[in-house]
There are 2 protein chains.
Amino acid sequence: MGRVGIIGVGHSRFGKRSDASLRELAFEAYREALDDAEIDTSDIDASLVCSATHYDKQRSPAGVVAEYLGLNPAPTFNVEAACASSAVGLRTAWALVNSRLHDIVAIVGVQKMTELSSDEIQELMGRAGDVMWESPFGTTMPAYYAMYANAHMARYGTTQEQMALVPVKNRKYGTKNPKAMFQKPVEIEEVLKSRMVSYPLKLYDCCANADGAACILVASRNKVQKLSDRPVWIAGLGLASSPMSLAGRTGPMTSFQVTKNAAKEAYKMARVLPRDVDIAEVHDSFSITEILNYEDLGFARPGTGAKLLEREETDLGGRIPVNIDGGLIAKGHPVGATGAGQITALVKQLRGEAGDLQVDNAKVGLAQNIGGIGMYAAVTILRG
Amino acid sequence: MGRVGIIGVGHSRFGKRSDASLRELAFEAYREALDDAEIDTSDIDASLVCSATHYDKQRSPAGVVAEYLGLNPAPTFNVEAACASSAVGLRTAWALVNSRLHDIVAIVGVQKMTELSSDEIQELMGRAGDVMWESPFGTTMPAYYAMYANAHMARYGTTQEQMALVPVKNRKYGTKNPKAMFQKPVEIEEVLKSRMVSYPLKLYDCCANADGAACILVASRNKVQKLSDRPVWIAGLGLASSPMSLAGRTGPMTSFQVTKNAAKEAYKMARVLPRDVDIAEVHDSFSITEILNYEDLGFARPGTGAKLLEREETDLGGRIPVNIDGGLIAKGHPVGATGAGQITALVKQLRGEAGDLQVDNAKVGLAQNIGGIGMYAAVTILRG
């Protein structure tokens, strides 16, 4: 039993959601979380809205989201850490509850991106890198991660065929997730022949910009015991930072030190080792990212991440199933919602409610996000 | 003695700072806070960067600020609540420390606004109101607050002459604050004759957009006792929300319910009453806002706020000196930095270090921010 538990989760359909505004997406996830927890809006003591800014005209979205969800006059504010926003929101909510400011907090991750063109989004994503020394020179997220991919290929001999196994796996599971953006599987050949985005990353190596929301309801131990007969406990929370600029970093570009630091903290707090993790959700913004994450989280030794894919160790039925809900690559990546979406998938697994995708006897789940080009990383460990 | 204390504060010069970038402004405040606390960057366990977005090209500024301040690999993230951003950052840091995730946390409020034109800023400010039902119809911050001014005038007979006493008072104290944007006093006649912005608010009734930063270093009780011989304790923290849209609110537009709710929580937590407050920093985004705040914080009965100005009760030497550092009206309003700037002024007062502006025997200080058009309000109570 932990000090703070998750009593409800909700997840909107991710994708091009021209049918729903920012606030409506938030409501879709929030309503589902309330139903899941079997509580009412009047039970919520505070809300955190997690959304990366500039993709939407609405500034300070917590104001409009809290209003639309009927959460006034409870405190609300915005927490942002690029692609790790709602993972950081969960950690912040843990602190708010654990310090006894609040008993029940809603974390609402939400993003509305697809009203912008892909070019506009790429330009904005680049500006989550250093705008003085990097983004003016054309760095975009695919380009940033492509540099890591090239370094890993050069140092360890990782191949494009191996990388292609990530979308093949994740899109396969996406076909069983009705909330995923992409419901069709892909073959290795399709990945390899898809349009080059930034060498060696091709279209199917990349996750897609999406609209969507996910919501987590956390509660103090007392409230959890009163309200929930199937709680999931927050066991470990790691958060770390790295210099935003690549030039400010040391060490080879074959791993993210920021993930290693966050993982170390989370494992220590949860008192578990990598081998104790039964199921994981890792940040597969690009195929190479999932492979690096295997290594940085301690699931594989440096340079050997791709072997896990070849041996199907991260598949359902394997040693440590990863991104069995489809990951960012199949689900889409509505930036602020992604972390909460991962937690939602883990909670269902740890409760044994994942249906066809259920991992047998899943007790310990791990979620990991990289924010931007690795200036933030968050690792969360849950216990069922 | 409290559970979390402030061990250092720093404050950049506010104003048009074409000499400094966002990260350099942050450094200016941070360096001063480190010197004030007599600690080093290696002592800081985490940082929160508080900045309202869209005014600067840099997205996710925590990444670049933490890097520039040398704060990697410690956790960092962005906290935003419009004009209340760094007040909310302080409350969030309190929770992080009080829940034992961290011992020493830096709250860095920073904003770089003046590279944009005044029109661009007004448009962006409007988009911190509801972009679906309000900002497309031309609501700007002066227009929003002007509606509150008109309602107060109609209901209580408050006059433009009375409102003018706010800038007269605050600009008078600004002349003694070398970090204030405006160092010249103004007379009532000048205020009344200044250019109309949105009836009845004229140019000198309005605070100015500014660049600037302020930094607060908070620590756990143990660390405070080891490191500081003049700590200021965080005694009360109130945060509340209201619907972002004016149409979603009930009650007359002669007060901000959101401030009343936040104040109630802060007074209760600190176990003080309004009459116990020795010095206050309140959100004088406009002259009318300071008057409403007097009433909403319980310093004056509804409708009588302006009387405090006429009787000089909120002047230095009066019953409850307010905005003795010049307030937003003299200092300028670099949105994300404003809350931390208020705390900086209170800390100096509670330590007895405010020089010419020192309030005798100041023991209890209160800071209040309204975020946007009142979708957020934060009230902080400190004890020297």
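Residues numbered from 1 in each chain as written. Chains lettered and ligands numbered in written order. Predicted model: local features only at pLDDT ≥ 70, side-chain atom pairs only at ≥ 80, totals over all residues.

A.B. asks: Please clarify how the overall build of chain A should be interpreted in this entry.
C.D. replies: Looking only at helices and strands, chain A has 13 helices and 11 strands in total. At 19 Å, chain A has a C-alpha radius of gyration in line with the 21 Å of a compact globule built from 384 residues. In terms of overall dimensions, chain A has C-alpha extents of about 55 × 45 × 40 Å along its principal axes. Within chain A, residue pairs in contact and separated by at least 24 positions form 78% of the contacts whose partners lie at least 6 positions apart. (Helix = DSSP H or I, 4+ residues; strand = E, 2+ residues; numbered from the N terminus. Rg over C-alpha atoms; globule rule 2.2 N^0.38 Å. Contact = placed C-beta atoms within 7 Å.)

A.B. asks: Looking at this model, I keep getting lost on the relation of the copies chain B and chain A. Mind explaining?
C.D. replies: Both copies of the chain are related by one operation, a rotation about an axis with a shift along it. Expressed as a screw operation, the relation of chain B to chain A combines 0.0 Å of axial shift with a rotation of 180°, fitting to an RMSD of 0.0 Å. Here the transformation between the copies is reduced to the relation of a two-fold axis. A share of 100% of the interface residues of chain B reappears at the interface of chain A, consistent with the copies meeting face to face through the same patch. (Least-squares fit on C-alpha atoms with pLDDT ≥ 70 in both.)

A.B. asks: Would you mind showing me how to read the packing of helix H6 (residues 160–174) of chain A against helix H10 (residues 287–296) of chain A here?
C.D. replies: The relative placement of two packed helices comes down to the angle between their axes together with the axis-to-axis distance. All names here are of chain A. Between H6 and H10, the least distance of the axes is 8 Å, while the angle of their chain directions is 95°. One element, H6, and the other, H10, form an angle in the roughly perpendicular class. Of H10, the residues touching H6 (which contributes Met163, Ala164, Val166 and Pro167) are Ser287, Ile288, Glu290 and Ile291. Class assignment for the residues of the contact of H6 with H10 results in six nonpolar, one polar and one charged. (Axes fitted to C-alpha atoms, helices over the stretch in contact; angles between N-to-C directions. Parallel < 35°, antiparallel > 145°, perpendicular 65-115°, else oblique. Nonpolar A, V, L, I, M, F, W, Y, C, P; charged D, E, K, R; others polar.)

A.B. asks: When you look at unusual backbone geometry in this model, what are you seeing that I'm missing?
C.D. replies: For residues other than glycine, phi is negative in most cases, and the peptide bonds are mostly trans. Residues and elements named next belong to chain A. Put simply, Asn72 and Pro73 share a cis peptide bond, and its omega is 5°. Secondary-structure assignment places Pro73 in the loop between helix H2 (62–68) and strand E3 (76–80). In the Ramachandran plot, Arg100 falls in the positive-phi region, its phi being about 70° despite a non-glycine side chain. Mapped onto the elements of the fold, Arg100 is located in the loop between helix H3 (85–98) and strand E4 (104–111). With 11 C-beta atoms packed within 10 Å, Arg100 lands in the exposed category. (Buried ≥ 20, exposed ≤ 12 C-beta atoms within 10 Å, placed from the backbone.)

A.B. asks: Would you take a moment to explain the interface of chain B and chain A for this structure?
C.D. replies: Where the parts come together, the accessible area they lose is often given as the size of the interface. Counting from both sides, the interface comprises 50 residues of chain B and, opposite them, 50 residues of chain A. Those elements that place two or more of their residues in the side of chain B that touches chain A are helix H2 (62–68), strand E3 (76–80), helix H3 (85–98), strand E8 (232–241) and helix H9 (257–270) of chain B. Residues that form the side of chain B that touches chain A fall into these classes: 26 nonpolar, 18 polar and six charged. Pairing geometry for E3(A) and E3(B), over three bridges, is antiparallel. Bridge assignment links A:Asn78 to a residue of E3(B), and that residue is B:Glu80. (Pairing = 2+ DSSP bridges.)

A.B. asks: I would appreciate a short explanation of the nonpolar core in the present structure.
C.D. replies: Proteins that are soluble and globular tend to have nonpolar side chains buried together. Residues A:Cys215 and B:Cys215 are the most contacted members of the largest nonpolar core, which totals 285 residues. Filtering out sequence-adjacent residues up to four positions away, A:Cys215 remains in contact with A:Val9, A:Gly10, A:Ala29, A:Tyr30, A:Ala33, A:Ala106, A:Ile107, A:Val108 and A:Ala340. (Core = buried A, V, L, I, M, F, W, Y, C linked by C-beta atoms within 7 Å.)

A.B. asks: Can you help me understand the pairing of strand E2 (residues 46–50) of chain B in this one?
C.D. replies: Two faces, one strand: in a regular strand the side chains alternate between the faces of the sheet. Residue and element names in this part refer to chain B. Among the five residues in E2, five count as buried, and that is most of the element. Burial along E2 is two-sided: the residues Ala46, Leu48 and Cys50 and Ser47 and Val49 are all buried. The pairing of E2 with strand E4 (residues 104–111) spans five bridges and is classified as parallel. Bridged to Leu48 within E4 is Ile107. Running through H2, the crossover from E2 to the neighbouring parallel element E3 is right-handed. (Right-handed = clockwise from strand over helix to strand, strands pointing away.)

A.B. asks: Where do I start with H10(A) in this structure?
C.D. replies: Note: α-helices contain 3.6 residues per turn, so residues at a spacing of three or four share the same orientation. All names here are of chain A. Burial of H10 is extensive: 10 of the 10 residues sit out of reach of the surface. For H10, the set of buried residues is Ser287, Ile288, Thr289, Glu290, Ile291, Leu292, Asn293, Tyr294, Glu295 and Asp296. Looking at the buried positions of H10, the neighbouring elements they touch are helix H5 (141–156), H6, strand E6 (201–202), helix H9 (257–270), helix H11 (305–310) and strand E10 (364–371). Looking at the residues trailing H10, positive phi occurs at Gly298, about 85°.

A.B. asks: Hey, could you run me through the confidence of the model for chain A in this one?
C.D. replies: Counting all residues, the mean pLDDT for chain A is 97, and 100% of those residues have values of 70 or more. Here the predicted complex carries an ipTM of 0.97, next to a pTM of 0.98. (pLDDT = per-residue confidence, 0-100.)

A.B. asks: Would you mind showing me how to read the environment of A:Ile343 here?
C.D. replies: All names here are of chain A. As for its placement among the helices and strands, Ile343 is situated in helix H13 (residues 335–350). The exposure class assigned to Ile343 is buried, which follows from the 30 C-beta atoms found within 10 Å. Distance from Ile343 to Phe299, taken between C-alpha atoms, is 19 Å for residues 44 residues apart in sequence.

A.B. asks: How should the pairing of E4(B) be read in this particular structure?
C.D. replies: All names here are of chain B. By the criterion of burial, E4 is predominantly enclosed, with eight of the eight residues buried. On E4, burial covers both faces: Ile104, Ala106, Val108 and Val110 on one face and Val105, Ile107, Gly109 and Gln111 on the other are all buried. Here E4 pairs with strand E7 (residues 212–220) via eight bridges, running antiparallel. The partner of Val108 across the bridge, within E7, is Cys215.

A.B. asks: Quick question: what am I supposed to make of the environment of B:Asp211 here?
C.D. replies: Residue and element names in this part refer to chain B. The residue Asp211 is located in the loop between strand E6 (201–202) and E7 in this model. Residues Asp211 and Gln358, spaced 147 residues apart in sequence, show a C-alpha to C-alpha distance of 26 Å. When residues no more than four places from it in sequence are discounted, the contact partners of Asp211 are Gly15, Lys16, Arg17, Ala20, Leu25, Gln111, Lys112, Met113, Thr114 and Pro334.

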